Structures are given as C-alpha cells and as structure tokens.
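Report on the structure
If you want the building blocks of each chain, they are given just below.
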Amino acid sequence: MVIAVNTRLLLKGKLEGIGWFTLETLKRMTINHPEHQFIFIFDRPYDSDYIFSDNVTPVVIGPPTRHPVLWYLWFEYQIPKVLRKYKADLFLSPDGYLSLRTKVPQLAVIHDINFVHRPADLPWLKAKYYNRYFKKFAKVAKRIATVSFYSKEDITRSFKVDYDKIDVVYDGINRIFCPTSLEDQQVIRQKYSDGKPYFLFVGALHPRKNICGLLNAFDAFKSVDSNDVKLVIVGGEMHKTGEIFETFDNMRFKKDVVFTGRVNTDELHQIFGAAMALTFVPYFEGFGIPIVEAMSSGVPVICSNTTSIPEVGGSAVLYADPCKIEQITEAMIKISADKELRKSLIEKGMVQKEKFSWDETARLLWMSVERALQ
C-alpha cells in the first residue's frame, strides 16, 4: 500500500504536542511496516532525521502553511496533486486537516476540538477556519483517531459522526523523562529558581492553558505561606498572551515567577526532575502530555478536574477546578506542606504513567490505518 502522510509539523527544534505525536508514531509505523510505502509531505525543507526508513519518500510542496488561506490552498489543491501523482491508497493526517477535493480514503487524527467550545481563545480567522472545516473533515474522513475517550465523545456529539468511526489512541511518553539525581536537581534549581523549590507549568502560553488563573493562585499561595517557593513557567508564546503578562505585572509576588520560554527536550527533562510539583490547570485539554511527563519524572501533579484530564491523571494526582482560584491555591498549600502526600502521589504516578507508551500509540494508530484501508 502507498500511505501519504501530512508531515508539515515535523519541524526541527520546534516540535509541539502534535509534532511529537507525528514523530513518535511515524517513526515506529514506518520501521515496523517495511512492506508499505510512505510518502511524507512537507510544506518546507525537511530535516533528514525525519526520514526514518528506506520505505519513506519525502515530498516538499509549498506554500508553507502559516495562515488559514494557505492551509486551504495546501490541503485543497496541493495535497490532491500529490495523492494522484503517487497513487496513494490512504492519506493520513496527524493534525486532523484533510482535503475535501480527493476521493482517496483519509484518516484524520483530531486531538481535540477546543475551538468549538472556546473560539475566543484563538485569533478570529483561525477560529473561523477550524469551526467551518473540521466538522467537514470529520464527515469526509474514512476513520478518525483521537487521544482520549473524552475527545471521542466530544467529536461524536459536536460533529454528529458515528461513535464507532473513532478510534482512541492515547498519547505516549518520551523515555527521556525519568527521575533525576539530587545533584542534578540542585544544579537546575540554581539555574532557574535561585536554588529554591518551585512549582512548574509546562505548555504553550495562551488563554486555554489558564496561566492567569495559575499566576493568581500562586500569588494567593505566597500570601499565606511565607516560604521560598517559586513558580517556573516553561513554554513559548502562542495566541493572545496580553492578559497573561498583564496579570503577571499586577502580581504581588511576581519576583518569584520565572518565564523560561521554550527549552529543548533534554533541558525540559531536567526542569521536570527538579520541580516540587507540576501545576497544570488548563480549562480544556485533549490529553495533557505534561501530566505524564511529570509522573515519569517522579514529580507530583496538581491538575484540572475537567475534560480529558481525569482520564490521564486517574487517582495519581491532586485535582482542582480551574475556574476556582482558591482550589488551585489550596492544592499548592497542601502539596508544599505535606511530604507524605507528595511521596504518595509520586508512587501512584509511577504506576499510572505505565498506561501510556508511544509503542502502544503507534500500534493502535496502525490498527486505525488498517481499518481505513478496508
């Protein structure tokens, strides 16, 4: 079979959540299935590290997809040309975008549909594009894969598609995430938090992640707990960050907040390993990879009690309502003061994280590919 794949998010040094999903699943699928030919379709020059095996043929076809108009042109005009040229039997799209102008069977990985519920979090034109086209993509797809049962039910309900058409393929976890030594923890704390313990947030800076709520909760935590604990925020700016920095500017304890920007995976592993706890309280999440990364790093987790997150956290985390600042603050106070609670959550997290593996993700996605090819 010839399987064409949208690999536009395989960007060296710029991998976000869906990019990592694309990398980890395709690396395994191409190597495990040498009997099939894979056409990797890039929208700009690619890195040779992403050509995982001899059965991968890279194709570059512009324009680079940096804008909704360019998304439309690429998927509706360029993708059908490639599918015809290589006589593709299937088009696999790990970021969910499909083409409405091809008869080739298509498999969309729709990670979540936050834009349906929170369109104001996004720039106007992007929100309009997502809400206009993703419902159509869901209808035209031969099959859909998604990363949680929450998202499966949400897509079924919101887009009126058959529940049995959707396969759940949980995200996995990079094996680099594991506990770090006390010496390494001290080095990282000296680098980022003046040697002090810290709460950690990891993720893109935009409204859905509720960073404003986290900053306000941390300010309240510091007001009642006169300790040296800091808050480290790791991630690059995405959409509508003005309110985040306005909230930061108005904080009483803003000197105890550190923004690192983006960091590479090795550095992120070290930052996770030295944290006192992950504080991850978004309003909406399709999966929540940082939760599993923290568990794998031997770090306790405070997280939201909404959307897919309880599916991922199970009984191994401390939950808070992301809309209630006092609940987030209370969780921070508990985890800061109670060593036994931290130890218990770490132990439970080490068990819970075993449910998530990129090998299993790739296996399940391949099963979805086979169903789409039937």
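Above this text you will find the structure in question.
A brief report on the enclosed structure follows. (Residues numbered from 1 in each chain as written. Predicted model: local features only at pLDDT ≥ 70, side-chain atom pairs only at ≥ 80, totals over all residues. Heavy atoms only, no water.)

**Focus: the packing of helix α12 (residues 325–337) against helix α13 (residues 339–352)**
Put simply, the rule is: Axis lines are fitted through C-alpha atoms, for helices just across the contact stretch, and the angle between N-to-C directions can take any value from 0 to 180 degrees. We count a stretch as a helix when DSSP gives it H or I for four or more residues in a row; a strand needs E for two or more, and each element gets its number in order from the N terminus. Note that the term roughly parallel is reserved for angles under 35 degrees, roughly antiparallel for angles over 145, roughly perpendicular for angles of 65 to 115, and oblique for everything else. We call two residues in contact whenever any of their non-hydrogen atoms come within 4.5 Å of each other.
Two numbers describe how α12 lies on α13: the axes approach to 5 Å, and their chain directions differ by 95°. Judged on the interaxial angle alone, α13 and α12 are roughly perpendicular. Facing Lys334, Ile335, Ser336 and Ala337 of α12, the residues of α13 in contact are Lys339, Leu341, Arg342 and Leu345.

**Overview of the side chain of Glu76**
Rule in force here: Each residue is assigned to one of three classes by its accessible area relative to the maximum for its type, calculated with a 1.4 Å probe on protein chains only: buried under 20%, partly exposed between the two thresholds, exposed over 50%. Charged-residue counts in this description rest on Lys and Arg as positive and Asp and Glu as negative, His and the chain ends being excluded. The working definition used for a salt bridge is a side-chain nitrogen of Lys or Arg within 4 Å of a carboxyl oxygen of Asp or Glu. We call two N or O atoms a polar contact when they sit within 3.5 Å, provided that within protein one can donate a hydrogen and the other can accept it, with sequence-adjacent residues counted only if both atoms are side-chain atoms.
Following the sequence through the fold, Glu76 ends up in helix α2 (residues 68–85). Among buried charged residues, Glu76 stands out as having no salt bridge; its nearest opposite-charge side chain is Arg101, 4.8 Å away. Reaching out from Glu76, the side chain makes a polar contact with the backbone nitrogen of Leu100 at a distance of 3.0 Å.

**What about the sheet that holds strand β3 (residues 56–60)?**
The criterion, for reference: One bridge is not enough; two strands pair if DSSP finds at least two bridges between them.
Read across the open sheet, the 7 strands follow the order β3-β2-β1-β4-β5-β6-β7; overall the sheet is parallel. Of all strands in the sheet, those bounded by a partner on one side alone are β3 and β7 (166–168). Within the sheet, the average angular offset between the axes of one strand and its neighbour, ignoring direction, is 20°. In the sheet, strand β1 (residues 2–6) pairs with strand β2 (residues 37–42) via 5 bridges, with the strands oriented parallel. The residue bridging Ala4 from the neighbouring strand is Ile39, located in β2. Lying on the sheet, helix α5 (residues 149–159) is in contact with β6 (143–146) and β7; it crosses β7 at an angle near 165°.

**Some words on helix α14 (residues 358–373)**
Let me state the cut-off plainly: In a helix, the anticipated span is given by 1.5 Å times the number of residues less one. By construction, the arc corresponds to the directions joining the helix axis to the C-beta atoms.
Taking 1.5 Å of rise per residue, the 16 residues of α14 would be expected to cover 22 Å, and the 22 Å separating its terminal C-alpha atoms lies within 8% of that figure. Along α14, the residues that are buried comprise Trp358, Thr361, Ala362, Leu365, Trp366, Ser368, Val369 and Ala372. The arc enclosing the buried residues of α14, seen along the axis, measures out at 160°, which places them on a common side. One side-chain oxygen of the residue at the start of α14 lies 3.2 Å from the amide nitrogen of Asp359, identifying that residue as Ser357.

**Quick word on helix α10 (residues 289–296)**
Of all 8 residues in α10, 8 are buried; the element is thus mostly enclosed. Listed in full, the buried residues belonging to α10 are Ile289, Pro290, Ile291, Val292, Glu293, Ala294, Met295 and Ser296. A positive phi of about 75° marks Gly298, the residue just after α10.

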